[in-house]
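Here's the letter readout for the chains.
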Amino acid sequence: MTFVGRERELSRLAAGLDRAAAGQPSRLVLTGPAGIGVSSLLDELGRRLADLPHVALARGAAYEPCAGVPYHALVEALGGALGGLTDARLLEVVGPAGHDLGLLLPGLRDRLAGLGALPEAPLLSAPNQRGARMTEAIIGMLERLAGGGVVLLALEDIHAADPGTREFVASLLRIRRRLPLCLVVSYRPDEVHRRHPARDLVLALAHAAAVEHVPVPPLHRAELVQLLEARMGERPAGSFVAAVVEGSGGVPLLAGQLALAHESVEGVRLSEGFEELLQARLSTLSVAATRCLRVLAAARRPLPRALLGAIELPDGKVTRTALREALESGLALAFGADGRVSGASGGASEVGSTGAAEAAADPDAPIGIAHERYAEAIEALTLPRARQAVHAALAAALADRPAEAAWHWEAALRLVEARDAHLAAGEAAEIIEPGGTALLHHARALELADVPSLGNDATGSARSAEVPEILARAAQAAFVAGSFRRAAGLVQRAIDEVSSGIAVRAMSSRGARARRDLQLRVGTLYERLGRHYWAGGDLVPALAAFETAVQLVPEEPIVERARVLGSLSQHLMLDGRFAESAVLAQQAIEVARAVGDAARAERAQATCTLGVDVAYAGDVDRGLALVEESGELARQAGDLDVLMRAYANRTTLLDLDARREDALAVVSEGIAEARRWGLEGVYGAFLRGNAADCLFNLGRWAESESECRAALEWSPSGVFFYNPVMYLSMMLVESRSDEEASSMVGQLLLHLETVPEGQWSASVQRTAVSFALWRDDPLEALRVARDGWKRVLETEDWLQAAVAASTTLEACSAAVEHAR
């Protein structure tokens, strides 16, 4: 086995591993066109690391048909890394993340169950934080996998990855936590056009400070000679080398294609194009072997032998003999138990017959086409009807993997089946990755919604019933993914669909009951619309949507009535309108009590809101009692969001009452609770921000800074990370106002574009005014102070009013002194 060239690239990868082992950020990006040899480079790196006990390798690849399979590339990487561990070591590495990793890796779940170590589902769930929970579970597992060494996480072809994998990589770019992890990703720059789904990740990789870019260049002439000599068993003629150098441009895959075609096909001309050379090679194979290669080309990823044998094609099945011939041709590859190519040679991305017999005999051995460029060319050489038949057969065989099946149904132009598969895949993704991946499938199902069902020429009433539900699911997915304006737009479309057309005609024909049901459905959609508007920072339309929801949902003792009243109450409280909020919160509690256990979560939320309202009205002790009651109700209801909100509000009210040491104790208790349920990074960040505020007011600025930095070790994005960003900005501005302070203020202002300012108005005003005064710009300080004062006056928050008044007076004084 010979590996050619790439020593410079290997040395840079080794240096990245050294940095990771030293606790420094280590993120490397391999770039190059298709066939340049990235996989071979990582194969060689894996071989060189195989005997190093302190390096754990987790390697996966993304495939186009799996772009809708949640965390597919990560599943492949983690499954390979965990598969070779002993039972004792496996339990140590999985640790408390068994439930989440079991959802991700069904094989791991079965193994843990066999060991009696599969934990029960958490009693507390946070539906909107499943992605963050999965990220924390994977990061914790990787830390334990490293032990005292380092993990090399290599993800190939990230441009074809699913949204969950892309978001995980983006989180690793943002995270400041010291990890014993060397991340290596690869992508093809020529694949990522302006509207490509991976465009944002590629831009993040390009601009992240800690990322090292390692372009993989074409092989030099001397390296190509070595490659050809290793393949041919003798030194090639100079004329042949010249032709290969010219024809391949130094791309190993193309060089290998030219060499194999020259060896195996008589009369071939090296000047012919890639597809012509491949067609010449295919012409030497039997019909059965060609059929096998067509299936592998359509699959675009390695398939188990058992699955290949089960695929029903119009012209026959894939036989063992055909599979062996396909492997011997070098156009298909056998994959070992670790998922890597058996017998791969350096510099070239294909092999000959190495491992063919074993792979053909092993029903679990993955078999794949040698390279994606071969797959594309083989499909291009196949007639459309035959190509569509292969994709349809693959989709049918992959029925238990609806996300992948949907891709094949679309390639087969079977759009009804594709729509149904996307719907099933979207619902399945909501359990594991309810953000970008679920959105991908729901959005595609919407695009296919007008396709008539089999045996039904009109969409009719089926469409009116399905589309609003798909829109609502897509909106929730967009909300989880952080696309708040898109979420609001999708919900508004759902409202329009429900409120018009067939639904209205049905209402008029069925009378009062139909009108009641329509009002309830539209009212619950308006409640969602309000949440999406609020999350996007659009406060006025958010409150209007909540008010509409309250008007529409029937005044009955039902869960939905308690929910809309509680939502309007909560957001009025966040806007500082405590008197209005308290009235609605009390109404929500009364409705929830009448409903019973089914509305316990809604009662918990309304009780928490009422506690804050009562405290700001002057009765802090009663407010604290109500918030503590809400925490117990949330625990009984299994609602982690409300439970964490109760912890956060307890710290706020204790701070309001100047009982800051007690508030710090509650923060510690809340972080321990969040850690217990696998969301320390998210909820802990918000609580640490509250602790930082208490410590700042106590004059313990070093501890305040420490809490903020601990919170920001995780992925600093979204409302949960607004708190530590704001308080660290304030602390840095007040203490030294240096370049870091300037950067943090910039981050704060960016966060304000997606986070409602609401209860933080006075703190934001204080930070911005202080920063302007430190920069000796009193007129800017005065402008900011006036804007902030106007905003605070719209609330009933007397504490914010006091802080804002002090800040405004300071800015006015500075402006007067400047004028004097």
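The structure displayed is predicted, hence computed values, not measured ones. (Residues numbered from 1 in each chain as written. Predicted model: local features only at pLDDT ≥ 70, side-chain atom pairs only at ≥ 80, totals over all residues. Heavy atoms only, no water.)

Examining the overall build of the chain
- Along the chain, the regular secondary structure elements total 40 helices and 8 strands.
- Sorting the 820 residues of the chain into buried and exposed places 55% on the buried side.
- Put simply, of all contacts in the chain between residues at least 6 apart along the chain, 69% involve residues at least 24 apart.
- Carbon together with sulfur atoms contributes 52% to the accessible area of the chain, which is approximately 33800 Å² in total. (Helix = DSSP H or I, 4+ residues; strand = E, 2+ residues; numbered from the N terminus. Buried < 20%, exposed > 50% of the residue type's maximum accessible area, 1.4 Å probe, protein only. Contact = heavy atoms within 4.5 Å. Areas by Shrake-Rupley, 256 points an atom, 1.4 Å probe, with all protein chains shown as cover.)

Re a nonpolar patch on the surface
- Together, Trp798, Leu799 and Val803 make up an exposed nonpolar region whose accessible area comes to about 250 Å².
- With respect to the helices and strands, the residue valine 803 is situated in helix 40 (residues 798-819).
- Of the residues examined, valine 803 reaches a relative accessible area of 35% and is grouped as partly exposed. (Patch = residues over 30% accessible without salt bridge, like charges linked within 9 Å, V, L, I, M, F, W, Y side chains within 5 Å. Salt bridge = Lys/Arg side-chain N within 4 Å of Asp/Glu carboxyl O.)

Things to note about the sheet that holds strand 7 (residues 332-334)
- Pairing within the open sheet is antiparallel, and its 3 strands lie in the order 6-8-7. What marks the edges here is a single partner per strand, and that holds for strand 6 (303-304) and strand 7.
- Looking at chain direction, strand 7 and strand 8 (residues 366-369) are connected through 3 bridges and run antiparallel. Looking at strand 8, one finds that alanine 334 is bridged to isoleucine 367.
- Helix-sheet contacts for helix 16 (residues 320-328) involve strand 7 and strand 8, and the interaxial angle to strand 7 is about 100 degrees. (Pairing = 2+ DSSP bridges. Axes fitted to C-alpha atoms, helices over the stretch in contact; angles between N-to-C directions.)

Concerning the nonpolar core
- If you look at the biggest cluster of nonpolar residues, it comprises 96 residues, and the most contacted ones within it are Leu490, Leu640 and Met644.
- For this core, the element with the most residues is helix 32 (residues 640-656), which contributes 10 residues.
- In this structure, Leu28, Val216, Leu313 and Ala334 belong to the second largest nonpolar core, which totals 73 residues. (Core = buried A, V, L, I, M, F, W, Y, C linked by side-chain atoms within 4.5 Å.)

Structural notes on the pattern of salt bridges
- Using the criterion set out here, one finds 53 salt bridges in the structure.
- Across the salt bridge formed by glutamate 556 and arginine 516, the nearest N and O atoms sit 2.9 Å from each other. Highlighted residues: glutamate 556 in the loop between helix 27 (539-552) and helix 28 (559-574) and arginine 516 in helix 26 (residues 512-535), separated in sequence by 40 residues.
- Note that glutamate 703 and arginine 700 form a salt bridge whose closest N and O atoms lie 2.8 Å from each other.
- Of the residues examined, glutamate 703 reaches a relative accessible area of 38% and is grouped as partly exposed.
- A single salt-bridge network, built from bridges that share partners, covers Glu7, Glu44, Arg47 and Arg48.

A few points about unusual backbone geometry
- One non-glycine residue, leucine 413, lies in positive phi territory at about 60 degrees.
- Within the secondary structure, leucine 413 is located in the loop between helix 20 (402-411) and helix 21 (415-432).
- Looking at leucine 413, the relative accessible area reads 59%, which means it is exposed.
- A positive phi angle, close to 60 degrees, is found at alanine 658, a residue other than glycine.
- Looking at where alanine 658 falls in the secondary structure, it is placed in the loop between helix 32 and helix 33 (660-676).
- Alanine 658 gets classed as exposed once you look at its relative accessible area, which sits at 55%.

Here we look at the sheet that holds strand 4 (residues 181-187)
- Sheet architecture is open: 5 strands sit in the order 2-3-4-1-5, paired in parallel fashion. Two strands bound the open sheet, and with one partner strand each, they are strand 2 (55-61) and strand 5 (211-215). Across the sheet, the mean angle from the axis of one strand to that of its neighbour is 15 degrees, orientation sign disregarded.
- Of the strand pairs in this sheet, strand 2 and strand 3 (residues 150-156) are connected by 7 bridges, and their pairing is parallel. In the strand pairing of strand 3, glycine 60 is matched with leucine 155.
- Set on the sheet, helix 3 (residues 72-83) makes contact with strand 2 and strand 3; between it and strand 2 the angle comes to about 145 degrees.

Observations regarding helix 20
- Along helix 20, the positions that sit buried rather than exposed are Ala403, Glu404, Ala405, Ala406, His408 and Trp409.
- Against helix 14 (287-299), helix 19 (384-397), helix 21 and helix 22 (436-447) lie the buried residues of helix 20.
- Once helix 20 ends, the next one or two residues include leucine 413, with phi positive near 60 degrees.

Considerations on the packing of helix 20 against helix 21
- Look at helix 20 against helix 21: their axes get within 8 Å of each other, and the N-to-C directions meet at 160 degrees. Taken together, the axes of helix 20 and helix 21 are roughly antiparallel relative to one another. In terms of crossing hand, the pair formed by helix 20 and helix 21 is left-handed. Between helix 20 and helix 21, the residues in contact are Pro402, Ala403, Ala406, Trp409 and Glu410 and Glu417, Ala418, Ala421, His422, Ala424 and Ala425, respectively.
- Looking at the contact of helix 20 with helix 21 residue by residue, the classes come out as 8 nonpolar, 1 polar and 2 charged. (Parallel < 35°, antiparallel > 145°, perpendicular 65-115°, else oblique. Left-handed = near helix turned anticlockwise from the far one by under 90°. Nonpolar A, V, L, I, M, F, W, Y, C, P; charged D, E, K, R; others polar.)

Some remarks on the pairing of strand 4
- Of all 7 residues that make up strand 4, 7 are buried, and the element is covered over most of its length.
- Alternating positions in strand 4 separate into two faces, Leu181, Leu183, Val185 and Tyr187 on one and Cys182, Val184 and Ser186 on the other, with burial throughout.
- Note that strand 1 (residues 26-31) and strand 4 share 6 bridges and pair parallel. From the neighbouring strand, valine 29 faces strand 4, where its bridge partner is valine 185.
- Of the pairings in the sheet, the one linking strand 3 to strand 4 comprises 5 bridges and is parallel in character. Bridged to alanine 154 within strand 4 is valine 184.
- The parallel pair strand 3 and strand 4, bridged by helix 8 (residues 163-174), forms a crossover whose chirality is right-handed. (Right-handed = clockwise from strand over helix to strand, strands pointing away.)

Side note on the packing of aromatic side chains
- Taken as a whole, this structure holds 3 aromatic pairs when the rule is applied.
- Aromatic pair phenylalanine 578 and tyrosine 616: ring centres 4.6 Å apart, planes at 15 degrees, arrangement stacked. On the criterion of sequence distance, the pair formed by phenylalanine 578 in helix 29 (residues 578-595) and tyrosine 616 in helix 30 (residues 600-616) is long-range, its members being 38 residues apart.
- Given the relative accessible area of 12%, tyrosine 616 is considered buried. (Phe/Tyr/Trp six-rings, centres within 6.5 Å; stacked < 30°, edge-to-face > 60°.)

Focus on the side chain of aspartate 157
- Position of aspartate 157 relative to the elements: it lies in the loop between strand 3 and helix 8.
- A relative accessible area of 18% places aspartate 157 in the buried class.
- Among residues more than four places away in sequence, those in contact with aspartate 157 are Ala62, Ser186 and Arg188.

Regarding helix 2 (residues 38-49)
- Over its 12 residues, helix 2 extends 17 Å from the first C-alpha to the last, a length consistent with the 16 Å expected when each residue adds 1.5 Å.
- Here helix 2 has its buried residues at Val38, Ser40, Leu41, Leu42, Asp43, Glu44, Leu45, Gly46 and Leu49.
- Each element contacted by the buried residues of helix 2 is listed here: helix 1 (7-21), strand 1, strand 2, strand 3 and strand 4. (Expected span 1.5 Å × (residues − 1).)

Topic: the packing of helix 29 against helix 30
- The contact between helix 29 and helix 30 brings their axes to 8 Å, and the two run at 150 degrees. Taken together, the axis directions place helix 29 and helix 30 in an arrangement best described as roughly antiparallel. Judged by the sense of rotation from one axis to the other, the crossing of helix 29 with helix 30 is left-handed. Side by side, helix 29 and helix 30 meet where Phe578, Ser581, Ala582, Ala585, Gln586, Ala588, Ile589, Ala592 and Arg593 of the first sit next to Arg603, Ala606, Thr607, Thr609, Leu610, Val612, Asp613 and Tyr616 of the second.
- Its residues assigned to classes, the contact of helix 29 with helix 30 comprises 10 nonpolar, 4 polar and 3 charged.

Let's talk about the environment of glutamate 404
- The residue glutamate 404 is located in helix 20 in this model.
- Through-space distance from the C-alpha of glutamate 404 to that of glycine 68 is 6.8 Å; in sequence the pair is 336 residues apart.
- Beyond its immediate stretch of four places on either side in the chain, glutamate 404 contacts Pro65, Cys66, Val69, Arg301 and Leu398.
- Polar contacts involving the side chain of glutamate 404 include one to the side chain of arginine 401, which spans 2.8 Å. (Polar contact = N/O pair within 3.5 Å; in protein donor to acceptor, adjacent residues only side chain to side chain.)

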